[in-house]
Amino acid sequence: MIYFVQTLVGGLGMGAVYALVAMGFSIVYRTMGLVNFAHADVVMIGAFLAATLFVTMHLPFVVALVGAIVVTGALGFAIERILRPLESKDLNLMLLGTIGFGIMLQSAAILVWGSFGIAVPTPIPNIPLDVGGVIVTTYQLLVLGVSAAAMFMLYVFLDRTKLGTAMQAAAMDRSAATAMGVNVASSNAMAFVIGSAMAALAGALVGPLLYVNPTLGVYVGIKGFAAAILGGFGSIPGAIIGGLIFGLIEAFAAGPLSAYSELLTFVVFALAMMVRQTGIFGERTVDRA
Amino acid sequence: MIRIGFGKPLLVVLLLLLPFVLDSYTIHVAILIMLFAIVAVGLSLVMGFAGQVNLAQAAFFGAGAYASALLTTTYGWNPWLAAVAAVVATCVVALAVAVPALRVQSHYLGIVSLGLAVAFSSLLSNSDVTGGASGISQVPPLSLPGLNLGENHDYYYLVALALILVVGFALFVANTTLGRRFKAMRDDVLAASASGIEIRYYRLTAFVLAGLVGGVAGVLYAHNARYVSPDTFGLGVMFLLLAMVIIGGQDSVWGAVTGAVLLITARNLLTGVQAFQQLAYGGLIVGTVVFAPRGLAGAAMDLRRRFDLPWPSIPIPWTRRRLAPPPLVLDPADPALEGVALRIDNLSKRFKGVQALDGVSLEVRAGEIHGVIGPNGSGKTTLFNVISGIYRPSGGRVAIWRHDVTGQPSFRMSRLGVARTFQNLRLFRQLTVLENVMVALDRDPARAHIRYFIAPWVVLHKERVRRARALEMLEEFDLVDVADEIAVNLSYGRQRRLEITRALAAQPTILLLDEPAAGLNAAEQEGLKAMIRRIRDGGVTVVVIEHNMSLVMNICQRLTVFAHGKVIAAGTPSEVSSDAAVIEAYLGRGAAEPVTAAL
């Protein structure tokens, strides 16, 4: 039982990070229909930027975080701008284009930071706490807290502010929203900045948990991406649930069968997709004849 | 007089002569290029032709290599036996990756296959069976009497032979029925299944072909390098393959080969600056999809069109026997085609909370043109979707020619003789006009593709017959001048005409037309009327949904009127137009009185 709870708690930390990645992916998708395979590598770039500012330049963690968010925001904005002509044309081409960007970002990271990566210390003293026999570290709590706060803020922004509502309207019906006076272009840009900010936040938080290196995108980003799809493409609560599920599957698979944990995770994911393509919270869209 | 191309034989001769002028290192690079070309051709088949976003192609390559390496080292199998087993094993792996593709497509399939590929890499580097990160070494070489396959010079010929076979087979597939069905499915899934293509089967086949060639390349790699390790088959290689296929041109076999030649050559010229290479091919992918989505092959084709360049060929004095295509199978006097063509009984269709069809019954008599009219959203198109098998009905029955066909899938309805067009035009956009018609003319069941292996000449013969018949149909419907044009480049009116021609090519006994006059000008509408009458006179029963009243009143013998998912009236045009319920549905409550009074 203790083992079960301990694994559960362990899975929640990474699950929260996956959920952040998934949310960034989802908000971009639902606002503009861009399926951004490069998101995984934007997370990695965010992690590197935060690590550089925090470890190498000795800036406070919060400053590093903000710096990473600003730069990745600009990056996301540029990706959208270049691929915009494909948005209305061909989803598969756009998908391949974002994969192209992912490859470029990964190699750019190797060029700038080398292929070895950076070990990041935790920004707060990482003390293991014993809660009824289950070990929880303070940094794990910080990750959970910051993730939860970010998710709550995003929810409040989308649901309770005028700008957020306008963005949702733009997502549902572009032309109707334009007719109501919503600036769809700026709403897209906003979505991208928020999406990339989520990526940078996830990258910065995961740095001390893993080891920041150019293949981070493959391991964190792809799972976050898969989590978004598992939860329901474009759904914010879906992203959170999907992320947590991924964290938990991984944690439970890691113990007894560590060599097969990735295989198990993705086979479970593939099966889940076959049972319900639209994910947990997704809506079924009908291909109209 | 026919012309025989000499481009391909010339390439083969050059390929075979190459080792005489190359030093041993360059031969090694050439082997690598050929192996990658084989894998890339596989990716082109599954992704470019069949439209399946497969990001696990590098894993297929790896599966073949690892299976062969494991069987020959750990289990001590004979290398050739192991090679065959490894290729079979790779096909099984490909089939496993294909299973999700039956349900999910596009980006969903992309992330699922990418996930499985990541899982495969992680399995290779973590499992003890595969030797972990250090891989498997001392893989024995293949052997053949008289050859030293441990040496690159002799091995080159083995790989060249494999490349020639794979490229030849891929070109054969690409230019005949299987490739055309792949492209039709890629361009429009609904229209493809309404043309009789069983989508599931073709998705699986595409993956298995990709696995087959990936496995062959993997085996050849393992016995040449004599060593396999996880990073040879990781995501980096997957992206390299993707770049080859996209830069070369996704739906082009030659494009994939060209991509492999360019990128492997560049990679070997630029060793030591690996990150820059990766940056460059990432950039090339982005540039290609944004500016030249059809890649080098597309650019080459445009050039050829613009300057009218022929393929290199020599004329030889030999006349090919002219083919007299068989007539269409319909005989208007056939006793089976009498009485009631289509009977709908108490049909209903519910979508979440919406009753789109509510107890609909109607009867279409053999040989008539039957109109279905009604306000927007009254369930007309839903009716067509249920009849043609795109939706399963929630209740009720559909019968054609007195046979119950309720709930049959779309491809089977096409094979049973029900063809349709779509309200918002669903052509195979990137196929030529001729190919669009040939897809529908092709009535062979999927299992007939076994001929690709056992009787390829039959495939070629059928192809010639089909082409002749398609040209004849294009002639009949005044589209022959644009036979080789890409469908999407046609004017709107001609696209509509092509869609009807395509539906007719499926040799239906019942043709469903969904708003065929939408967007046509007056002259085109007259042409359409004549066309529909001609189709009916050829023995086909026509059901047409239309908003254009003058057209409906003019050509239809009987009408069925829909409102709110129900049939509110049926009868001859004159009966229907004086029906109070119809006038009310169109003009609103209370309108009936004054309108009749005014008449």
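Each value, and the rule that gives it
- Residues numbered from 1 in each chain as written.
- Chains lettered and ligands numbered in written order.
- Predicted model: local features only at pLDDT ≥ 70, side-chain atom pairs only at ≥ 80, totals over all residues.
- Helix = DSSP H or I, 4+ residues; strand = E, 2+ residues; numbered from the N terminus.
- Buried ≥ 20, exposed ≤ 12 C-beta atoms within 10 Å, placed from the backbone.
- Contact = placed C-beta atoms within 7 Å.
- Pairing = 2+ DSSP bridges.
- Domains from an automatic or database assignment.
- pLDDT = per-residue confidence, 0-100.
- Expected span 1.5 Å × (residues − 1).
- Bend = angle between axes of the 7 residues up to and from the residue.
- Axes fitted to C-alpha atoms, helices over the stretch in contact; angles between N-to-C directions.
- Parallel < 35°, antiparallel > 145°, perpendicular 65-115°, else oblique.
- Nonpolar A, V, L, I, M, F, W, Y, C, P; charged D, E, K, R; others polar.
- Left-handed = near helix turned anticlockwise from the far one by under 90°.

### Considering the overall build of chain B
Helix and strand content of chain B: 24 helices and 12 strands. Dimensions along the principal axes, computed over C-alpha positions, put chain B at roughly 95 × 60 × 45 Å. In chain B, buried positions account for 48% of the 599 residues. Partitioning the intrachain contacts of chain B with sequence separation of at least 6 by distance along the chain shows that 75% fall at a separation of at least 24.

### Thoughts on the sheet that holds strand S3 (residues 340-351) of chain B
Residue and element names in this part refer to chain B. With antiparallel pairing, the four strands of this open sheet are ordered in space as S4-S3-S6-S7. The open sheet has two edge strands, strand S4 (354-365) and strand S7 (403-404), and neither has a second partner. Alignment of S3 against S4, held across eight bridges, turns out to be antiparallel. Within the sheet, the bridge partner assigned to Phe 351 lies in S4 and is Val 354.

### What about the domain arrangement of chain B?
Assigned domains of chain B: these are domain 1 (21-307), domain 2 (427-506) and domain 3 (569-599). Summarising the inter-unit geometry, the C-alpha centres of domain 1 of chain B and domain 3 of chain B are found 65 Å apart.

### Brief notes about the environment of Glu463(B)
All names here are of chain B. Following the sequence through the fold, Glu 463 ends up in helix H18 (residues 456-476). We classify Glu 463 as partly exposed; it has 16 C-beta atoms within 10 Å. Remark: the alpha-carbon pair of Glu 463 and Asn 224, spanning 239 residues in sequence, is separated by 39 Å. Look past the residues within four positions of Glu 463 in its chain and what remains in contact with it is Thr 176 and Thr 177.

### Topic: the interface of chain B and chain A
Listed per partner, the contact involves 39 residues of chain B and 40 residues of chain A. At the level of secondary structure, the elements contributing two or more residues to the side of chain B that touches chain A comprise helix H5 (106-126), helix H10 (235-248), helix H12 (274-291) and helix H14 (380-387) of chain B. With 14 residues, H5(B) is the largest single contributor of residues to the side of chain B that touches chain A.

### What to know about the confidence of the model for chain B
Here chain B averages 87 in pLDDT, while 94% of its residues score no lower than 70. With pLDDT under 50 throughout, residues 594-599 of chain B is counted as low confidence; its partners more than four residues away or in other chains account for two contacts.

### Notes on helix H1 (residues 2-32) of chain A
Residue and element names in this part refer to chain A. Given a rise of 1.5 Å per residue, 31 residues ought to cover 45 Å, and the 45 Å separating the end C-alpha atoms of H1 matches this to within 8%. Along H1, the largest kink reaches about 25° and is centred on Gly 13. Where burial is concerned, most of H1 is hidden: 23 out of the 31 residues are buried.

### Topic: the sheet that holds strand S9 (residues 510-514) of chain B
Residues and elements named next belong to chain B. In spatial order, the strands read S8-S9-S10-S5-S11-S12; together these six strands make up an open sheet with mixed pairing. Taken across any chain shown, the strands that pair with only one partner, and hence form the sheet edges, are strand S8 (418-420) and strand S12 (566-571). Recorded for the sheet is a direction-independent mean angle of 20° between the axes of neighbouring strands. Taken together, the three bridges between S8 and S9 define a ladder with parallel strand orientation. Bridge pairing links Ala 419 to Leu 511 in S9. Each of strand S5 (369-373), S9 and strand S10 (541-545) touches helix H20 (residues 522-537); the most contacted strand, S10, lies at about 150° to it.

### Structural notes on the packing of helix H7 (residues 177-187) of chain B against helix H16 (residues 433-441) of chain B
Residue and element names in this part refer to chain B. Remark: H7 packs on H16, axes separated minimally by 10 Å, with the N-to-C direction vectors making an angle of 105°. Compared by their axis directions, H7 and H16 come out roughly perpendicular. Mapping the contact onto sequence places Arg 180, Arg 181 and Ala 184 in H7 and Glu 435, Met 438 and Val 439 in H16. For the contact of H7 with H16, a count of residues per class yields three nonpolar, no polar and three charged.

### Focus: the confidence of the model for chain A
Residue and element names in this part refer to chain A. Of the residues in chain A, 93% have a pLDDT of 70 or more, and the chain-wide mean is 82. Highest mean pLDDT in chain A belongs to helix H2 (residues 39-56) (90); lowest belongs to helix H6 (residues 162-172) (79). Residue range residues 284-289 is modelled with pLDDT below 50. Its contacts to residues more than four positions away, or to other chains, number seven contacts.

### Topic: helix H2 (residues 24-49) of chain B
All names here are of chain B. With 26 residues, H2 should reach 38 Å at 1.5 Å per residue; the first-to-last C-alpha distance of 36 Å fits that figure. The largest bend in H2 amounts to roughly 25° and is located at Leu 43. With its phi angle positive at about 70°, Gly 51 sits one or two positions after the end of H2.

### Description of unusual backbone geometry
Outside of glycine, negative phi angles account for most residues, and trans bonds account for most peptide bonds. Residue and element names in this part refer to chain B. For Gln 138, which is not a glycine, the phi torsion comes out positive at approximately 55°. With respect to the element layout, Gln 138 can be found in the loop between H5 and helix H6 (152-174). The phi dihedral of Asp 478 is positive, around 65°, even though this residue is not glycine.

### Side note on the pairing of strand S6 (residues 395-400) of chain B
Residue and element names in this part refer to chain B. Pairing between S3 and S6: five bridges, direction antiparallel. Opposite Ile 344, over in S6, you have Val 398 as the bridge partner. Bridge count for S6 against S7 is two bridges, and the pairing is antiparallel. By the bridge assignment, Ala 399 is partnered in S7 with Asp 404. In textbook terms, the turn of a hairpin is the stretch between consecutive antiparallel strands, and for S6 and S7 this stretch comprises two residues, one of which, Trp 401, has a positive phi near 45°.

### Description of the packing of H2(A) against helix H4 (residues 91-113) of chain A
Residues and elements named next belong to chain A. Contact geometry of H2 with H4 gives a least axis separation of 8 Å together with a crossing angle of 20°. Here H4 runs roughly parallel to H2, going by the angle between their axes. Helix-helix and strand crossings are classified by hand; for H2 and H4 the assignment is left-handed. Contacts between H2 and H4 pair Ala 40, Asp 41, Val 42, Met 44, Ile 45 and Phe 48 from the former with Gly 102, Leu 105, Gln 106, Ala 109 and Trp 113 from the latter.

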